Amino acid sequence: MPDCYIALGGNQGPVRETFSLALERLDQHPDISVIKTSHWIETAPVGDQTTDPFLNGAAHLSISLSPESLLVELQQLEADMGRVREIRWGARPLDLDLLLYDQLIIRSQNLVVPHPACWYRRFVLDPLSEIAADVIHPEKQTTIQELRQRLLIKPFQFVLAGLSPKEAALLIENLQEKYPEVQFSNWETQGSATSITPEPTLIVWLGAPSSTIKFEDLPLIPRLDLSDYQNNTERIVHVLQSALDFQ
């Protein structure tokens, strides 16, 4: 039976009881077994849609469902627990994300596996590393524990790529005011990957038409494609927030 890992989150109502009930429901399903769960951790919310702290955790499942069928079960369970999908980063009683389904890589209209943000979000990696430290991320080709450890290196190096020097300088100035402890730089002005030491924590690809490099030119592990959000500073801030330690 395939091994799957899911993330649990919530900040409305009795979240611990909601987690327990959700896991019980999953374990009662004839095609799902709950193998192990992490500790629950409290984290600050990302964005400004809610001020209530979240509870987050992870669970290891053994299943005989397809990824698509498992997604349906998770979304139905969310709905049963009162989840209403209206506001991104908003308050919710239960959030269930499919993080990993064995070593499959899936890109479809309704499902992306591995979860596209699981490799850089601390509120995902902290609990996931408890129960899946040695599991290999099928795209990044490194372990969950190693992905988490990268985020702990100081200073946190956040690199912009795919923008003109002027555009990058303006964005870096804006971001530096919000996060003075983070080291920001522009990939295009570095000359080569070896001039940034150690390897950047995150390289955010913003893919402006004038860019002289491609996303595929960037190092595999830290690169993140945000080309759909190149003019959305708020989205970039959300990525940075979720990668920093907000426990």
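Let me begin by describing the structure that accompanies this report. (Residues numbered from 1 in each chain as written. Predicted model: local features only at pLDDT ≥ 70, side-chain atom pairs only at ≥ 80, totals over all residues. Heavy atoms only, no water.)

1. Quick look at the packing of helix H5 (residues 165-178) against helix H6 (residues 233-243)
Orientation of H5 relative to H6, taken along the N-to-C sense of each, is 45 degrees, at an axis distance of 11 Å. The orientation of H5 relative to H6 falls into the category oblique. The interaxial crossing formed by H5 with H6 has right-handed handedness. Contact with H5, carried on its side by Leu171, Asn174, Leu175 and Lys178, involves Thr233, Ile236 and Val237 of H6 and no other residues of that element. Classifying every residue of the contact of H5 with H6 by side-chain character gives four nonpolar, two polar and one charged. (Axes fitted to C-alpha atoms, helices over the stretch in contact; angles between N-to-C directions. Helix = DSSP H or I, 4+ residues; strand = E, 2+ residues; numbered from the N terminus. Parallel < 35°, antiparallel > 145°, perpendicular 65-115°, else oblique. Left-handed = near helix turned anticlockwise from the far one by under 90°. Contact = heavy atoms within 4.5 Å. Nonpolar A, V, L, I, M, F, W, Y, C, P; charged D, E, K, R; others polar.)

2. What about the sheet that holds strand E10 (residues 202-205)?
Pairing is parallel across the open sheet formed by four strands, whose spatial order is E9-E8-E10-E11. The sheet is open, and its two edges are formed by strand E9 (183-186) and strand E11 (223-225), each paired on a single side. The mean inter-strand angle of the sheet, taken between neighbouring strand axes irrespective of direction, is 25 degrees. Bridge analysis of strand E8 (residues 157-161) against E10 gives four bridges, and the strand direction is parallel. Counted as the bridge partner of Phe158 is Leu202 from E10. (Pairing = 2+ DSSP bridges.)

3. Brief notes about the environment of Leu8
Here Leu8 shows up in strand E1 (residues 3-10). A relative accessible area of 3% means that Leu8 is categorised as buried. For the pair Leu8 and Lys178, spaced 170 residues apart in sequence, the C-alpha separation works out to 28 Å. (Buried < 20%, exposed > 50% of the residue type's maximum accessible area, 1.4 Å probe, protein only.)

4. Topic: the side chain of Thr201
Turning to its location among the elements, Thr201 is positioned in the loop between E9 and E10. With relative accessibility at 3%, the residue Thr201 sits in the buried group. Residue contacts for Thr201: discarding those within four places in its chain leaves Arg150, Leu151, Phe156, Gln157 and Pro222.

5. Focus: the pattern of salt bridges
Per the stated rule, a full pass over the model turns up six salt bridges. Taking the shortest distance from any N to any O, the salt bridge between Arg25 and Asp80 comes out at 2.8 Å. With Arg25 in helix H1 (residues 15-28) and Asp80 in helix H2 (residues 67-80), the pair connects residues that are 55 residues apart, well separated along the chain. Ionic pairing is found between Asp126 and Arg148, a salt bridge with its closest N-O pair at 2.8 Å. In this pair, Asp126 sits in helix H3 (residues 122-132) while Arg148 sits in helix H4 (residues 144-150), placing the two residues 22 residues apart along the sequence. Note on Arg148: relative accessible area 18%, which makes it buried. Through salt bridges with shared partners, a single ionic network connects Arg122, Asp126 and Arg148. (Salt bridge = Lys/Arg side-chain N within 4 Å of Asp/Glu carboxyl O.)

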